[in-house]
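Listed below are the residues making up each chain.
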Amino acid sequence: MVTTEDVRRLALSLPRTHEALVRDSVKFRVGRIVYLAISPDETLLGFAFPRDERAALVASEPEKFLMPIRSDERYNWVRVRMGAIDAAELREIVFDAWRMVVPKKVAAAHLFSG
């Protein structure tokens, strides 16, 4: 199980990331683009994910992953139950979501410097 603090620690370690509180949800952004969002009850983590791949992800592990809420379906977005993943899975989710929203040069530089 991962916590909001785990998400915060990882996200804020990534270049250009900042945290915002929007309608009781903690969100992590690069510029104005949100790539992670924690539900107000801290049980779900929404994250940037390719729209054309999300149905397969949810179908592969429905006990972990959920489709986005209806208003977010138009975005590259999916959700995960925070209690269903471990630290290694969280690292992969956070990094891959961040990589979707930063310039390729920034992601590459971080990969080789980290």
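Keep in mind that what you see is a predicted model, and the values were worked out from it rather than measured.

Draft legend 1. Representation of the sheet that holds strand β6 (residues 77-81). Within the open sheet, the six strands sit side by side as β1-β2-β3-β4-β6-β5. Their pairing is antiparallel. Either end of the sheet is taken by a strand with one partner, and the two such strands are β1 (17-22) and β5 (65-66). When strand β4 (residues 44-48) meets β6, the two strands line up antiparallel, connected through five bridges. By the bridge assignment, Ala-48 is partnered in β6 with Trp-77. Along the sheet, helix α2 (residues 51-60) makes contact with β4, β5 and β6, crossing β6 at roughly 20 degrees.

Draft legend 2. Expanded view of the packing of aromatic side chains. Overall, the coordinates contain three aromatic pairs when judged by the stated rule. Ring centres of Phe-47 and Phe-49 lie 6.0 Å apart, and the angle between their planes is 80 degrees; this geometry places the pair in the edge-to-face category. Overall, the relative accessible area of 3% leaves Phe-47 in the buried class. For Phe-49, a relative accessible area of 17% corresponds to the buried category. Grouped by ring-pair contacts, the aromatic residues Phe-47, Phe-49 and Phe-65 constitute a single cluster.

Draft legend 3. Representation of the side chain of Arg-54 in the model. Following the sequence through the fold, Arg-54 ends up in helix α2. Put simply, Arg-54 is tucked away with no salt bridge, and the nearest opposite charge, on Glu-73, sits 5.8 Å away. Within the structure, the side chain of Arg-54 is placed 2.6 Å from the backbone oxygen of Glu-73, a separation counted as a polar contact. Setting aside chain neighbours within four positions, we find Arg-54 in contact with Phe-49, Met-67, Pro-68, Asp-72, Glu-73, Tyr-75, Trp-77 and Val-78.

Draft legend 4. Inspection of the side chain of Ser-25 at higher detail. As for its placement among the helices and strands, Ser-25 is situated in strand β2 (residues 25-30). Looking at Ser-25, the relative accessible area reads 12%, which means it is buried. Once residues within four sequence positions are removed from consideration, Ser-25 is found in contact with Ala-20, Ile-38, Ser-39 and Pro-40.

About the cut-offs
- Residues numbered from 1 in each chain as written.
- Predicted model: local features only at pLDDT ≥ 70, side-chain atom pairs only at ≥ 80, totals over all residues.
- Heavy atoms only, no water.
- Pairing = 2+ DSSP bridges.
- Helix = DSSP H or I, 4+ residues; strand = E, 2+ residues; numbered from the N terminus.
- Contact = heavy atoms within 4.5 Å.
- Axes fitted to C-alpha atoms, helices over the stretch in contact; angles between N-to-C directions.
- Phe/Tyr/Trp six-rings, centres within 6.5 Å; stacked < 30°, edge-to-face > 60°.
- Buried < 20%, exposed > 50% of the residue type's maximum accessible area, 1.4 Å probe, protein only.
- Lys, Arg positive; Asp, Glu negative; His and termini not counted.
- Salt bridge = Lys/Arg side-chain N within 4 Å of Asp/Glu carboxyl O.
- Polar contact = N/O pair within 3.5 Å; in protein donor to acceptor, adjacent residues only side chain to side chain.

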